[in-house]
Amino acid sequence: MTVLAVFFPSLMGFGILVSGALLVSDAVHKLLPHEGRRRRRRIAVGAYGVIAAAARTTGRTLPAPAFLRRCLRSRGEYFGVALLALGGMWLVVVAGSEAHQDAKGLFYESPWIFGLTVGLAIALGLAALLALVYGAVYDRAPGPMRWLVEHSVVGRLRIPSPDDAIADLQERRGERT
């Protein structure tokens, strides 16, 4: 019975930590103004998909547009992410070790809090290292790093601006006449 007396409080504490992390994540997600960018990108990707499907039915293929791939963020963003990740790593290590050593606390010598502390510290440390490397090499990133930028959240979404579409239409009209 002593195993359950240690296991269940640790599991409940872990659940509380996860719930708190989800609440913070939702709050940050609501503060960031990105929904409009994502919506415009989805519309552009959908329009390209319809046009590409129509072109395929006629036996033609369209080249992939540049906006389907992500591009580099600014150096400041990469260094800011590195700074935040290092600060988060320090906070996780300090708070986790304090909770692990607090004799009156819920997580006293708990393997759950120790594992969470080590795991989160490693994850945040790797994120900080990756952001520092991207901030340092920036344009001179090798092939695998460029692939990561183009296919993950490390890169920024490209959205075709309405001005580009209007200029493209005007150029095409000029070619036809």
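Here, the structure is the one placed above.
Residues numbered from 1 in each chain as written. Predicted model: local features only at pLDDT ≥ 70, side-chain atom pairs only at ≥ 80, totals over all residues. Heavy atoms only, no water.

### A short note on unusual backbone geometry
Despite not being glycine, Glu109 has its phi angle at roughly 50°, a positive value. Tracing the backbone shows Glu109 in the loop between α3 (75–101) and α4 (111–137). We classify Glu109 as exposed; its relative accessible area is 52%. Despite not being glycine, Tyr138 has its phi angle at roughly 40°, a positive value. Within the secondary structure, Tyr138 is located in the loop between α4 and α5 (143–151). For Tyr138, a relative accessible area of 17% translates into the label buried. (Helix = DSSP H or I, 4+ residues; strand = E, 2+ residues; numbered from the N terminus. Buried < 20%, exposed > 50% of the residue type's maximum accessible area, 1.4 Å probe, protein only.)

### Re the nonpolar core
Grouped together as the largest cluster of nonpolar side chains are seven residues: Tyr78, Tyr134, Tyr138, Ala141, Met145, Val149 and Val154. Apart from the residues within four sequence positions on either side, Tyr78 is in contact with Leu72, Arg73, Ala131, Tyr134, Gly135, Tyr138, Val149, Val154 and Gly155. (Core = buried A, V, L, I, M, F, W, Y, C linked by side-chain atoms within 4.5 Å. Contact = heavy atoms within 4.5 Å.)

### Describing the packing of α3 against α4
Axis separation between α3 and α4 bottoms out at 8 Å; the angle between their running directions is 165°. As summarised for this structure, α3 and α4 are arranged roughly antiparallel, according to the angle between their axes. Every pair of crossing elements has a handedness; the one defined by α3 and α4 is left-handed. Classifying every residue of the contact of α3 with α4 by side-chain character gives 21 nonpolar, six polar and one charged. (Axes fitted to C-alpha atoms, helices over the stretch in contact; angles between N-to-C directions. Parallel < 35°, antiparallel > 145°, perpendicular 65-115°, else oblique. Left-handed = near helix turned anticlockwise from the far one by under 90°. Nonpolar A, V, L, I, M, F, W, Y, C, P; charged D, E, K, R; others polar.)

### What about the environment of Gly96?
Among the secondary structure elements, Gly96 is positioned in helix α3. Taking the C-alpha atoms as reference, Gly96 lies 5.3 Å from Thr117; in sequence the two are 21 residues apart. Setting aside chain neighbours within four positions, we find Gly96 in contact with Ile113 and Thr117.

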